[in-house]
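# Breakdown of the fold
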Amino acid sequence: MKALREAAKLLAPCKSLVVFTGAGVSAESGLATFRGAGGLWEGHRVEEVATFEAFARDPTLVWRFYAQRREKAQAAEPNPAHLAIAGLQNLFPARVVVTQNVDGLHQRAGSRDVVELHGSLWTLVCTCCAARRQDHQVPLPLLPPLCPRCGGLERPGVVWFGEELPPEAWSRAQSVCSQADGLLVVGTSGQVWPAAGLVELASHCGARVVEVNPAPSALSSLAEVHLPLVAGEALPSLLASMEELRHAGI
Ligand code: BV8
Ligand code: ZN
């Protein structure tokens, strides 16, 4: 495909590459995206259950939403897109993944430098003393667990709508995106802020932008090349084309 070769030629010479991903990169691992046809959960929009107010109003309902997401994420396998993104580390030693996803599949695919803008399904945070802990228990208990330190109610360690992004993750994401000379945007509708603003930041700071998404997104106008493909097909081909160009001395 001509656009694939164009995308490879544009990114292969880059020195520092950021890969910015959303729910679409995990779609072929069987995890539902948020705003696609199946983007509702038991009739709820994600914006309704992914808020602190929803948790305060009905901790069991929200907890069940995350228990179900955790079980699906644990049963899911990294797909060829996650694996190809990990493979990019060999071509771009400074490759950083900035993800909006909370499923942990980039790390399971072997990606080392992953910035989780919206937290992780595998972290629990105490609503009283804010103690954080890693937890990989599946299935999750039906009710939110109690903090081992103070006995307070624990919540999923994800960023809900209306909540600030983790300051260290957000500042790292801004810093790598403003210094990158290549940005690969994979599987995001670009509707969630402030994460979506990173693409504009990178582009304004001179990064070449390539988007992989079978549909147009709110970010497509910022991409020099848009690959209208699913990630599991585009990323392995893109990686192979860039490896060829590098072997040819590009
Ligand atoms: C905040 C964790 C304030 C939970 C998530 C402007 C500036 C700042 C804020 C706002 C703003 N405008 C509006 C806001 C408020 C809000 C927001 O953005 N609302 C939207 C809905 C309008 N933002 C916030 O509330 C943020 N917080 O701003 O706080 C503040 C500031 C200081 C101090 C205090 C407070 C917090 C937002 C984070 C919310 N948490 N996730 C959880 O996961 O349960 S967001 C959630 O959406 C996920 O993280 C998800 O990744 C993310 C983004 O969605 P996408 O990843 O893009 O997924 P989507 O389904 O939309 O699209 C999938 C795409 O993939 C599609 O394009 C599809 O075509 C494509 N695709 C499908 N299949 C494939 C594919 N692509 C490739 N291959 C395939 N096979
Ligand atoms: Zn506590």
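Residues numbered from 1 in each chain as written. Chains lettered and ligands numbered in written order. Predicted model: local features only at pLDDT ≥ 70, side-chain atom pairs only at ≥ 80, totals over all residues. Heavy atoms only, no water.

### Comments concerning the site of ligand 1
Taken together, 34 residues lie around ligand 1, and Phe34, Arg35, Gly162, Thr188 and Ser189 are the ones closest in. At a separation of 2.8 Å, a nitrogen atom of ligand 1 approaches a polar side-chain atom of Glu28. Between an oxygen atom of ligand 1 and a side-chain N or O atom of Thr188, the distance comes to 2.7 Å. Out of a free accessible area of 1500 Å², ligand 1 has 74% covered by protein chains. Here the residues of the shell around ligand 1 sort into 16 nonpolar, 12 polar and 6 charged. (Near = heavy atom within 4 Å. Polar contact = N/O pair within 3.5 Å; in protein donor to acceptor, adjacent residues only side chain to side chain. Areas by Shrake-Rupley, 256 points an atom, 1.4 Å probe, with all protein chains shown as cover. Nonpolar A, V, L, I, M, F, W, Y, C, P; charged D, E, K, R; others polar.)

### Section: the layout of surface pockets
Considering only enclosed or pocket space, the second largest pocket measures out at about 470 Å³ in volume. When residues of the lining of the second largest pocket are traced back to their parent elements, those giving at least two are β6 (119-126), β7 (132-134), β8 (154-158) and α7 (167-179). Take the lining of the second largest pocket: its biggest share by element is 6 residues, from β6. Partitioned by chemical class, the residues of the lining of the second largest pocket number 11 nonpolar, 7 polar and 6 charged. (1 Å grid on protein atoms, 1.4 Å probe; cavity = no way out; pocket = protein on both sides within 12 Å on 5 of 7 lines; lining within 4 Å. Points joined across faces, edges and corners; volume = space filled by probe spheres on them. Helix = DSSP H or I, 4+ residues; strand = E, 2+ residues; numbered from the N terminus.)

### Let's talk about empty space enclosed by the protein
The tally for this structure, following the rule as stated, stands at 1 cavity of 30 Å³ or more. By volume, the largest cavity is sized at about 30 Å³. Lining the largest cavity, in full, are Tyr66, Arg70, Leu121, Thr123, Leu124, Leu140 and Pro156. Among the elements that line the lining of the largest cavity, the one with the most residues is β6, at 3 residues.

### Considering the packing of aromatic side chains
Summed over all chains, the structure comprises 5 aromatic pairs. With centroids separated by 6.2 Å and ring planes inclined at 45 degrees, the aromatic side chains of Phe52 and Phe55 adopt a geometry described as tilted. With Phe52 and Phe55 both in helix α3 (residues 52-57) and 3 residues apart, this pair spans about one turn of that helix. Seen in terms of ring centroids, Phe55 and Trp160 are 5.4 Å apart; in terms of plane orientation they differ by 40 degrees. Their pairing is tilted. One end of the pair, Phe55, is in helix α3; the other, Trp160, is in the loop between β8 and α7, with 105 residues separating them in the sequence. (Phe/Tyr/Trp six-rings, centres within 6.5 Å; stacked < 30°, edge-to-face > 60°.)

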